[in-house]
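Fold and geometry: a report
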Amino acid sequence: MKLSTDRIIDAGMAVFAEAGYHGLSMRQVAKRLDAHAGSMYYHVPNKSALLQLMADRLARQAYDAGTAALAALPGGAGWPERVEAQAVSLRQSLLRHPGGAVMFADSPKVLSTGALSLMERLLRTLKDAGIQDGHLGIAADTVLSHITGYVLQEQGEPPAIEVGAEDVAELHRRFPLTVAAASGQDQDEKFVRSVRLLCAGIGALDGAGDPAA
């Protein structure tokens, strides 16, 4: 098949998912495409440009998903519901791509316009809610950092350790609250509740009003 920017991005994301940032190289991407590395430079000049294109694609998919989620909200939805819709759609978008959270975390460094668009919309949502400028950037960054960290844990490989019945019993005895908090929780529900807690805290910062408003 003829080389194209989209095919190179596809291959780059596949290599990134398997090998991470340090394992990503133009040579490895070319190998996956069964092409010469030099032939890709017409479409993508270097690794930095490829990373920017990959991050931008991921972020723009998330932005479009957020647009659809916001459009599906009822007319009277308050700002916490609008933040929640953006957060849930972003998490789902990141989960669709192995390594997506790592790529998104690095997206500001490569100046992804898609990632900047996500931040701009979230800032606008919070500003329209009455969050003061002094808290605005921190609030938005906290929400996005929480989403990224949450998905990083979800996408992380479980540790290769064996835990016996005696070890489990000892953990229950020593850390009863921690074990109870981590047990039997649906990840989707847990995530939504965590975002709602963040919104409650943001709303209380400077009297942004009723979170449902």
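Keep in mind it's a predicted model, so treat the numbers as computed, not measured.

Another point: the pattern of salt bridges. This model, assessed by the stated rule, comprises 10 salt bridges. The salt bridge involving D6 is made with R57; its shortest N-O contact spans 3.6 Å. On the criterion of sequence distance, the pair formed by D6 in helix 1 (residues 5-23) and R57 in helix 4 (residues 47-71) is long-range, its members being 51 residues apart. For the salt bridge of R91 with E154, the shortest nitrogen-to-oxygen distance reads 2.8 Å.

Turning to helix 4, a few remarks are in order. Helix length check: helix 4, at 25 residues, gives a terminal C-alpha distance of 36 Å against a target of 36 Å (1.5 Å per residue), a fit within 8%. By the burial criterion, the buried members of helix 4 are A49, L50, L51, M54, A55, D56, L58, A59, A62 and G66. If you follow the buried residues of helix 4, they end up packed against helix 1, helix 2 (26-33), helix 5 (79-95), helix 6 (100-105) and helix 7 (113-128). Here helix 4 starts with a cap whose side-chain oxygen sits 3.2 Å from the backbone nitrogen of S48, and that cap is N46.

Looking now at the packing of helix 1 against helix 2. Where helix 1 meets helix 2, the axes come as close as 9 Å, and the angle between the chain directions of the two elements is 130°. Here helix 2 runs oblique to helix 1, going by the angle between their axes. The two elements helix 1 and helix 2 meet at a crossing, and its hand is right-handed. For the pair helix 1 and helix 2, contact is made by R7, I8, A11, G12, A14, V15, E18 and G23 and by Q28, V29, R32 and L33, respectively. The residue inventory of the contact of helix 1 with helix 2, partitioned by class, reads six nonpolar, three polar and three charged.

Rules behind the numbers
- Residues numbered from 1 in each chain as written.
- Predicted model: local features only at pLDDT ≥ 70, side-chain atom pairs only at ≥ 80, totals over all residues.
- Heavy atoms only, no water.
- Salt bridge = Lys/Arg side-chain N within 4 Å of Asp/Glu carboxyl O.
- Helix = DSSP H or I, 4+ residues; strand = E, 2+ residues; numbered from the N terminus.
- Expected span 1.5 Å × (residues − 1).
- Buried < 20%, exposed > 50% of the residue type's maximum accessible area, 1.4 Å probe, protein only.
- Contact = heavy atoms within 4.5 Å.
- Polar contact = N/O pair within 3.5 Å; in protein donor to acceptor, adjacent residues only side chain to side chain.
- Axes fitted to C-alpha atoms, helices over the stretch in contact; angles between N-to-C directions.
- Parallel < 35°, antiparallel > 145°, perpendicular 65-115°, else oblique.
- Left-handed = near helix turned anticlockwise from the far one by under 90°.
- Nonpolar A, V, L, I, M, F, W, Y, C, P; charged D, E, K, R; others polar.

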